[in-house]
Structures are given as structure tokens and as C-alpha cells.
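Here are the chains, one letter per residue:
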Amino acid sequence: VGDVELRFPPAPGQVRTARLVAVSVARRAGLDDVRLDEVRLAVGEACARSVNRCLAGAVTARVLLRMEDGGPGLVAEVVDEAKDDGDDDPVMLALLAGLADSMEVLPGPNGPGGRLRLEWWMTGSSGPDRT
Amino acid sequence: VELSVATRREGAHTIISVTGEIDVYTAPTLRERLNEVVANGEYQLIVDMAGVDFLDSTGLGVLVGGLKRARSHEGSLQLVCDQEKILKVFRITGLTKVFPIHASLADALGDGH
């Protein structure tokens, strides 16, 4: 058990691979089926966002998806090497905010917005259901 | 194949049945099909999403685009979906207020529009 990293070319067809990796890590971390779907969609959105940023900026460097399940929850970070953040689609941001327990857009290696961090916090098995 | 799209006429309606994953990679296929249908003069659209097991914001954007095109011709775009994980995507983004969403194709066809 440990961090998992996936680097993929910034192409739309690669996002599905990233989703599969994210779900695999989330399942191993013990998330239930509802939250697996949240991880699948949110990580897919974050990766698609980076792919679109790279395509818009003609950046060919690979996008990094890093999943950490060693802490109290699950963390997914998507990092790209695009230079500027442009305007994020508000529908996508609403989805990300609604799906993850925490969502932050952070500076990346080459400019603002190049890192997106998502967190899911573990609840006890006897804890209340999330709605 | 990650996404398949089939269209058929039923009375005044055009039913677009979608199967697979609608995401940043496959959404252009659905966009093209919706554009073709509207260009063909068909404006009463029903997108049957019963076979869809993934929908992202790019897919939502395509559906909103289809709705706008249909409405620009006094038409409509209704959705058929009864899967909680897909409905949740519409709820989080507030699009349940924008699309008529039916649990079954029969309900959509019986909507009277």
C-alpha cells in the first residue's frame, strides 16, 4: 500500500485510463460504491480539465495523477504543465465541489491552476450516511 | 467501443439511445449526432440514457447544446434516466431544473410534447 502515480499524454482518450486507476485505488482504500462513483467522476473531471488546459496551450508534457491513500482519507492530485489557468468551466467546478469533500485549485509547476487537489475523508463504518 | 448512439423516429419524436460512457473523449460523437438530427429538421428529441454508465461535464455541455439547438426551432430535448449515479450529476449542477428527466421512455413519450 502506498501512493500511486500515473503519467499520461494530454489526450482525451487517456482520461478513461486515469479513471480506472483512481477507482482501483479508491476501492483498495475501502470507499463504498457511492463514493467510488464520486471518485471516478471527480478524478475524470480533474484529468479532463488538465488535458484541455494542455491542448489549449499546446503543451505535450504528460499529466500526472497522484493518488494517496496512506492518510486518514483519500487524496487525488492532478498536475499539468500548462502555463495559465484560463477560465474553468463553472459546471465542472460545481461537479468537483459537489463530489469531493475538499477541492482546491492550486499553482502548478508552470503557472496558476496547474494543480487540482481532491480529498475524500473517511467516515467510520458506523457513521452517518452522506447525502 | 466506449460509446454508441442510435437514433430512431417514434411519432413526432426522435429517440437518441446512448450506450456507454459519455466523457471528454466520446462526447463529440454525441454532439455530432445531435447536430445531425437537428439539421435534419427533427426538433422533438428524447435522449435515452438508460444504457449510460458514465457522464461528465463535457457530456452535460453537449446535452445543453442539444437542448439549445432544439429550442431554437421551438423543439425540446427530454432525457430518460433512472440511474442514481447519473441523476446525481444533474442534481449537483442544477440541471434538473433545465431538462425534463423521465424514469422511462414511455413516460417521456407520454409527456404530451
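This text follows the structure it describes.
Computed from a prediction, not measured in an experiment: that's the story for all the values here.

## Looking at the overall build of chain A
Counting its secondary structure elements, chain A contains 3 helices and 5 strands. Each helix (α) and strand (β) of chain A, taken in turn from the N terminus, gives the series β-α-α-β-β-α-β-β. Here chain A has a C-alpha radius of gyration of 14 Å; the compact-globule value for 131 residues is 14 Å, and the two agree. By residue count, 44% of the 131 residues in chain A fall in the buried class. As displayed, chain A has an accessible area near 6,300 Å², and 50% of this comes from carbon and sulfur atoms.

## Some thoughts on the environment of A:Arg66
Residue and element names in this part refer to chain A. Here Arg66 is to be found in strand β2 (residues 63-68). Sequence-wise, Arg66 and Glu5 are 61 residues apart; in three dimensions their C-alpha atoms are separated by 4.5 Å. Ignoring any residue separated from it by four or fewer positions in sequence, one finds Arg66 in contact with Val4, Glu5, Val75, Ala76 and Glu77. In terms of polar contacts, Arg66 uses its side chain to reach the side chain of Glu77, at 2.6 Å.

## Re the nonpolar core
Ranked by internal contacts, the top residues of the largest apolar core, which has 65 residues, are A:Val43, A:Leu118, A:Trp120, B:Leu30, B:Met49 and B:Phe90. Looking at which element gives the most residues to this core, the answer is helix α2 (residues 33-56) of chain A, with 10 residues. Contact partners of B:Met49, with chain neighbours within four places excluded, come to B:Val18, B:Ile22, B:Leu55, B:Leu63, B:Leu79, B:Val80, B:Cys81, B:Gln83, B:Ile86 and B:Phe90. In this structure, B:Ile15, B:Ile46, B:Val80 and B:Leu105 belong to the second largest nonpolar core, which totals 5 residues.

## Digging into the sheet that holds strand β3 (residues 44-55) of chain B
All names here are of chain B. With respect to topology, 5 strands assemble into an open sheet ordered β1-β2-β3-β4-β5, the strand pairing being mixed. With partners counted over all chains shown, the strands left at the sheet margins are β1 (3-10) and β5 (101-102), one partner each. In this sheet, β3 lies alongside strand β2 (residues 13-22) in parallel orientation, the contact comprising 8 bridges. Each bridged residue has a counterpart across the sheet, and for Ile16 the counterpart in β3 is Val47. In the packing of helix α1 (residues 27-39) onto the sheet, the strands contacted are β1, β2, β3 and β4 (76-80), and the crossing angle to β1 comes to about 20°.

Quick notes on the rules
Residues numbered from 1 in each chain as written. Chains lettered and ligands numbered in written order. Predicted model: local features only at pLDDT ≥ 70, side-chain atom pairs only at ≥ 80, totals over all residues. Heavy atoms only, no water. Helix = DSSP H or I, 4+ residues; strand = E, 2+ residues; numbered from the N terminus. Rg over C-alpha atoms; globule rule 2.2 N^0.38 Å. Buried < 20%, exposed > 50% of the residue type's maximum accessible area, 1.4 Å probe, protein only. Areas by Shrake-Rupley, 256 points an atom, 1.4 Å probe, with all protein chains shown as cover. Contact = heavy atoms within 4.5 Å. Polar contact = N/O pair within 3.5 Å; in protein donor to acceptor, adjacent residues only side chain to side chain. Core = buried A, V, L, I, M, F, W, Y, C linked by side-chain atoms within 4.5 Å. Pairing = 2+ DSSP bridges. Axes fitted to C-alpha atoms, helices over the stretch in contact; angles between N-to-C directions.

Just distances and angles here, no functional claims.
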